[in-house]
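Notes for the structure review
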Amino acid sequence: MISAKMKPLVENNSVIRQMFEEGKRLAAIYGSENVYDFSLGNPNVPAPETVKESILEILEEEESTFVHGYMSNAGYEDVRGTIADSLNTRFGTSFGANNILMTVGAASGLNVILKTILDPGDEVITFAPYFVEYGNYVRNYDGNLVVIPPNFIDFQPDLAELAKKITARTKAVLINTPNNPTGVVYSEETLKQMAGVLRQKGQELHQNIMLISDEPYRELAYDGVKVPYVTRYYENTVVCYSYSKSLSLPGERIGYLVIPDELKDSEAVFAAATIANRVLGSVNAPSLMQRVIKRCIEKNAAVNLAAYDRNRNLLYEGLKACGFFCVRPQGAFYLFMKSPIADEKEFCSQAEKYRLLLVPGSSFACPGYVRIAYCVSYEQIERSMAAFQSLAKEYGLMGG
């Protein structure tokens, strides 16, 4: 009964989700405190108290038919205006409500813009390592994902390879910064050079290449690292944002697209994206959460960055002491660790013996590494260190 398109997805279900389910199984056997599940990017840091306050205020102060009813498929205009004003204040942009389209999280936002621009056979380029679902999202609209291999030196995008990969079928380049799974932030110089490549290749091929910036981790950056705002460097940019990580609201599915005036055919793209939002079945972003986001912005609600930073330092220093090689994360809440053996899937299987649940890098088109999500409790990381030490000893990384 299922379609041919769905069969490979069923057969190759997300490794990350499988690990999450395995964590629940092991917790039932050994107790959750004795299972070290680093598989899923599910924030352990609670949502700011402002979220709860805003929900209660809205339900008390605003008409229920307004709060729970339909609105424009693009979202409430006042919410979109508040987001635009906030971006303008923070990044020196000049957006208005007509540049913001509310979406059902970042995943829906990516699907909306990809449906808006892709014809069958069109290509979207991305840089490994990349979020596993990108390929599925592109294939949803019969496009092809073109993957540029990892730059193992610093995990910044390989721009020379980008120039080679752009063809007459290239419709977009999809980037993710701060990056899942490496935690790397794409530098201003990288983005300037990337913009130069896209302009030059666009002129050569007589086409407009869209840059889609997937930014659910924008607010999670450490050590004073600045996350450049991409629309300032390349005119044909669309930004995809989610509050899943910044406000610890992954299950609420709320985010937005930024479609700037500078984008080629901006008004037509915005109109088409609004229709895509409807016909994909979302219709509109969740009504109550749109109202909540407006108040959270007005009250300056912010992520508890200190909690993630504390986790990052404990895990990074602990793994280094064990003899593991890690990329020090600049942002997000993932640590990308090199497997001590070539087959990182086998390494992850061995880690399970110590009830350590890690995600193989091949899930992100980057074999030889594993992803460790540190959006868990500080205490879990502390408890896990003995298990990591035992795992390191098994591979001869530290004394027995």
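Here we summarise the structure given alongside this text. (Residues numbered from 1 in each chain as written. Predicted model: local features only at pLDDT ≥ 70, side-chain atom pairs only at ≥ 80, totals over all residues. Heavy atoms only, no water.)

What follows is about the sheet that holds strand β8 (residues 255–258). Spatially, seven strands are ordered β2-β8-β7-β6-β5-β3-β4 in an open sheet, and the strand pairing comes out mixed. In this open sheet, the two edge strands, each paired with only one partner strand, are β2 (100–103) and β4 (144–148). In this sheet, adjacent strand axes meet at a mean angle of 20 degrees when their direction is disregarded. Running over the sheet, helix α5 (residues 77–91) touches β2 and β8 and is turned about 115 degrees from β2. Those strands touched by helix α6 (residues 105–117) are β2, β3 (123–127), β5 (170–176), β6 (210–214), β7 (237–242) and β8, and its axis lies near 170 degrees from that of β6. (Pairing = 2+ DSSP bridges. Helix = DSSP H or I, 4+ residues; strand = E, 2+ residues; numbered from the N terminus. Axes fitted to C-alpha atoms, helices over the stretch in contact; angles between N-to-C directions. Contact = heavy atoms within 4.5 Å.)

We now examine the packing of α6 against helix α10 (residues 266–279). At their nearest, the axes of α6 and α10 sit 8 Å apart, and the two run at 120 degrees to each other. Here α6 is positioned oblique relative to α10, judged by the angle of their axes. By crossing handedness, the relation of α6 to α10 is classed as right-handed. Contacts between α6 and α10 involve Ser 108, Val 112, Ile 113, Lys 115 and Thr 116 from the first element and Val 269, Ala 272, Ala 273, Ala 276, Asn 277 and Val 279 from the second. When grouped by side-chain class, the residues that make up the contact of α6 with α10 number seven nonpolar, three polar and one charged. (Parallel < 35°, antiparallel > 145°, perpendicular 65-115°, else oblique. Left-handed = near helix turned anticlockwise from the far one by under 90°. Nonpolar A, V, L, I, M, F, W, Y, C, P; charged D, E, K, R; others polar.)

Attention shifts here to helix α3 (residues 49–61). Over its 13 residues, α3 extends 18 Å from the first C-alpha to the last, a length consistent with the 18 Å expected when each residue adds 1.5 Å. For α3, the set of buried residues is Thr 50, Val 51, Ser 54 and Ile 58. The arc enclosing the buried residues of α3, seen along the axis, measures out at 100 degrees, which places them on a common side. Of the exposed residues in α3, the ones pointing more than 90 degrees away from its buried face are Lys 52, Leu 56 and Glu 60. On its buried face, α3 sits against α4 (64–67) and α11 (287–298). (Expected span 1.5 Å × (residues − 1). Buried < 20%, exposed > 50% of the residue type's maximum accessible area, 1.4 Å probe, protein only. Arc of directions from axis to C-beta.)

A word on the pairing of β8. Of the two faces of β8, the one lined by Gly 255 and Leu 257 and the one lined by Tyr 256 and Val 258 are each fully buried. Looking at chain direction, β2 and β8 are connected through four bridges and run antiparallel. Its bridge partner being in β8, Met 102 is matched across the sheet by Tyr 256. Two elements, β7 and β8, share four bridges in a ladder whose sense is antiparallel. Across the sheet, the residue bridging to Cys 240 is Leu 257, located in β8.

Note that an α-helix has 3.6 residues per turn; residues three or four places apart therefore point the same way. An ideal rise of 1.5 Å per residue puts 26 Å on 18 residues; helix α9 (residues 188–205) measures up with 26 Å between its terminal C-alpha atoms. Taken residue by residue, α9 has Thr 190, Leu 191, Met 194, Ala 195, Val 197, Leu 198, Lys 201 and Gly 202 as its buried positions. One side of α9 carries all its buried residues, which in axial view fall inside an arc of 160 degrees. The elements touched by buried residues of α9 are β3, α8 (159–165), β5 and β6. Positioned one or two residues after α9, His 206 has a phi angle of 55 degrees, which is positive.

A few words now on the packing of aromatic side chains. Taken as a whole and judged by the stated rule, the model has 20 aromatic pairs. Relative to Tyr 369, the ring of Phe 155 has its centre 5.6 Å away and its plane inclined at 90 degrees; by these criteria the two rings are edge-to-face. Pair noted here: Phe 155 is in the loop between β4 and α8 and Tyr 369 is in strand β13 (residues 369–373), with a separation of 214 residues, a long-range link. No difference in accessibility class separates Phe 155 from Tyr 369, as the two residues are buried. Arranged with centres 5.4 Å apart and planes meeting at 85 degrees, the rings of Tyr 217 and Phe 333 form a pair that is edge-to-face. Taken as a pair, Tyr 217 in the loop between β6 and β7 and Phe 333 in the loop between β9 (326–327) and β10 (334–338) lie far apart in primary sequence, 116 residues in all. Classification of Tyr 217 by relative accessible area gives buried; the value is 4%. For Phe 333, a relative accessible area of 0% corresponds to the buried category. Of the aromatic side chains, those joined through ring pairs into one cluster are Phe 152, Phe 155, Phe 336 and Tyr 369. (Phe/Tyr/Trp six-rings, centres within 6.5 Å; stacked < 30°, edge-to-face > 60°.)

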